[in-house]
Amino acid sequence: MSNGSSYPAPLILVLGILGIIFVVGSCNFPLLIVPAIVTGVLGWVFGVQALRTIDSGQGNPQDRNLVMVGYILSIITTILSGLALCLFVLGILGLLALFGLGGWQTFRP
């Protein structure tokens, strides 16, 4: 069993925390959805690989808690940013349907 760090556990935790910050920030700045998705997916992938390395006995078992918290935050980030992206796209499509495709011009009271 190696005591070396498999993946940097603090990096996975930071990716998860940054993802949550980006998701919350995307309420005011919708373009922050993109870095939220990127950090969420990266944290999720790195977290899976780090947990597999730790479970196989090659990684540092003391890093498991940090990796697990970052992994869970990354999953939450990915799900929330996916929902936010869907709502953003639906909002844009709704605005296009209302204004861009002549919906308001054909309405005559």
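Residues numbered from 1 in each chain as written. Predicted model: local features only at pLDDT ≥ 70, side-chain atom pairs only at ≥ 80, totals over all residues. Heavy atoms only, no water.

K.L.:
Can you help me understand the side chain of S74 in this one?
P.N.:
Locating S74 in the fold gives a position in helix α3 (residues 64-100). For S74, a relative accessible area of 0% corresponds to the buried category. Residues in contact with S74, not counting those within four places in the same chain, are I12, L15, G16, T39, G40, G43 and W44. (Helix = DSSP H or I, 4+ residues; strand = E, 2+ residues; numbered from the N terminus. Buried < 20%, exposed > 50% of the residue type's maximum accessible area, 1.4 Å probe, protein only. Contact = heavy atoms within 4.5 Å.)

K.L.:
Would you mind showing me how to read the packing of helix α1 (residues 9-25) against helix α2 (residues 33-55) here?
P.N.:
Two quantities define a packed helix pair, namely the angle between the axes and the distance from one axis to the other. α2 packs onto α1 with a crossing angle of 155 degrees between their chain directions and a minimal axis gap of 8 Å. Considered as vectors, α1 and α2 are oriented roughly antiparallel to each other. Of the two elements, α1 crosses α2, and the hand of that crossing is left-handed. Residue-level inspection shows L11, I12, L15, L18, G19, F22 and V23 of α1 in contact with α2, the latter providing P35, A36, T39, L42, G43, F46, G47 and A50. Each residue belonging to the contact of α1 with α2 can be placed in one class, and the counts come to 11 nonpolar, 4 polar and no charged. (Axes fitted to C-alpha atoms, helices over the stretch in contact; angles between N-to-C directions. Parallel < 35°, antiparallel > 145°, perpendicular 65-115°, else oblique. Left-handed = near helix turned anticlockwise from the far one by under 90°. Nonpolar A, V, L, I, M, F, W, Y, C, P; charged D, E, K, R; others polar.)

Geometric values such as these leave the question of function open.
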